[in-house]
Amino acid sequence: MLYDAEKKRKYLEKNLSAKRYNHSLNVAAECRKLAEKYGEDPEKAYFAGLIHDICKELPAAEQYSLVLKSEKDFAVCREELDTRSLWHGIAGAYFIKTKFGIEDIDILNAVRFHTVGHSGMSRLEEIVYLGDLVSAERDYKDVDKMRKIVYTDIDEAMRAALAFSIRSVIKKGGFIPPCTTEAYNFYTRICSEHSSKQEKRSI
C-alpha cells in the first residue's frame, strides 16, 4: 500500500494512551471489514480508520492551533470552532497532510469528517464514520442494533448514525454544525427514495 500502516501504528502506540490506541486498532479493523462488505479498498480503509483519532489527545491549545492553520485547506464553521470535541478531526486531517505528506483527499476527508459527517460523503468517509461508531469496544445502548444496520444497509446506517449523533448533542446542549444537519437530510432523502421505489415495485 502507498501508506505505511505499520509505521503509523507505531507512531500511535507511542503517542496515544493505551485506551485510545486500542480504539484506533479496533476502528481500523472494523473499517477493513466494512470495506470488504461495501466494495472499498480494505487496506486504504484500514489505514484511514487507524489514523482517524491521531490528534485526539493533543492538548486543546495545540488542536485549536492546527484547526486555525487548516482553514485554507478545510472549511471550518463557527459551530466547530466553538466545540472542543470536534477539533481533533480537523486537526488530524491537517496534521497527516503536513506531517506525513498524505494528499489523498478521500483519506483526508475521512479523518476530517469522521465526527460531523457531511452530505454526499464518499464510501470511504462513510466507512470510517460508521467504523468509529461500532468498533469492538463500543458498548452504548443499542450498539448491537446499530452494528446490524451498518452491515445491512449503509445508507440507512448513516441516517441512523447521524440521528444518534444529533440526539446526543442536543441532550448535552451542544452546537450542531450545518454539515451534520445537511448530512442527516441527505441520507434521509436517500432512504426515503429507496423506500418509495420499493413500494412502487410491490404494487
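Here, every reference points to the structure presented above.
Residues numbered from 1 in each chain as written. Predicted model: local features only at pLDDT ≥ 70, side-chain atom pairs only at ≥ 80, totals over all residues. Heavy atoms only, no water.

**Side note on the packing of aromatic side chains**
As a reminder, the rule being used: By convention, a stacked pair of Phe, Tyr or Trp rings (six-membered ring in the case of Trp) has centres within 6.5 Å and planes under 30 degrees apart, an edge-to-face pair has planes over 60 apart, and any other such pair is tilted. Where helices and strands are cited, they refer to DSSP runs of H or I of at least four residues and of E of at least two residues respectively, numbered from the N terminus. Per-residue accessibility, obtained with a 1.4 Å probe over protein chains only, is compared with the maximum for each type, and a residue is labelled buried under 20%, exposed over 50%, and partly exposed between these values. In our convention, an over-ring charge means Lys NZ or Arg CZ found within 6 Å of a ring centre and within 35 degrees of that ring's normal.
Applying the stated criterion to the full structure yields 6 aromatic pairs. When the ring of Y11 is compared with that of F100, the centres are 5.5 Å apart and the planes differ by 90°; the resulting orientation is edge-to-face. Note that Y11 is positioned in helix 1 (residues 5-15) and F100 in the loop between helix 6 (87-99) and helix 7 (105-112), a separation of 89 residues in sequence. A relative accessible area of 24% places F100 in the partly exposed class. Measuring from ring centre to ring centre gives 5.7 Å for F95 and F100, while their planes differ by 85°; the resulting arrangement is edge-to-face. Members of the aromatic cluster, each reached through a chain of ring pairs, are Y11, F95 and F100. For K37, the ring lying beneath its charged end belongs to Y38, and the centroid distance is 5.9 Å. When the ring centre of F113 is taken as reference, the NZ or CZ atom of R112 above it lies at 4.3 Å.

**As for the layout of surface pockets**
Unfilled space is identified by rolling a water-sized probe across the atoms. Short version of the rule: Here a cavity is any set of points on a 1 Å grid over the protein atoms alone where a 1.4 Å probe fits but cannot get out, and a pocket is any open set with protein on both sides within 12 Å along at least 5 of 7 lines; a residue lines the site when it has an atom within 4 Å of a point. Grid points are joined across faces, edges and corners, and a volume is the space filled by probe spheres set on the points. Lys, Arg, Asp and Glu make up the charged group, whereas Ala, Val, Leu, Ile, Met, Phe, Trp, Tyr, Cys and Pro make up the nonpolar group; the residues left over, Gly among them, are polar.
Taken as a whole, the largest pocket encloses approximately 880 Å³ of empty space. Around the largest pocket sit 31 residues that line it, and K56, T115, R138, S165 and K172 are the ones nearest its centre. Elements with a contribution of two residues or more to the lining of the largest pocket: helix 2 (18-38), helix 8 (123-133) and helix 10 (154-172). Top element by residues in the lining of the largest pocket is helix 10. It accounts for 7 residues. Of the residues assigned to the lining of the largest pocket, the class counts are 12 nonpolar, 11 polar and 8 charged. In this structure, the second largest pocket spans a volume of roughly 200 Å³. In this structure, the second largest pocket is lined by Y140, K141, D142, K145, M146, I149, R159, A160, A163, F164 and R167. At the level of elements, helix 9 (143-150) and helix 10 are the ones that each hand at least two residues to the lining of the second largest pocket. If one sorts the elements of the lining of the second largest pocket by residue count, helix 10 sits on top with 5 residues. Here the lining of the second largest pocket is composed, by residue class, of 6 nonpolar, no polar and 5 charged.

**Quick look at empty space enclosed by the protein**
Inspection of the entire model under this criterion finds 1 cavity of 30 Å³ or more. By volume, the largest cavity amounts to about 40 Å³. In terms of lining residues, the largest cavity is bounded by E80, L86, G89, I90, V111, R112, H114, T115 and V116. Among the secondary structure elements, those contributing two or more residues to the lining of the largest cavity are helix 6 and helix 7. Looking at the lining of the largest cavity residue by residue, the class counts come to 4 nonpolar, 3 polar and 2 charged.

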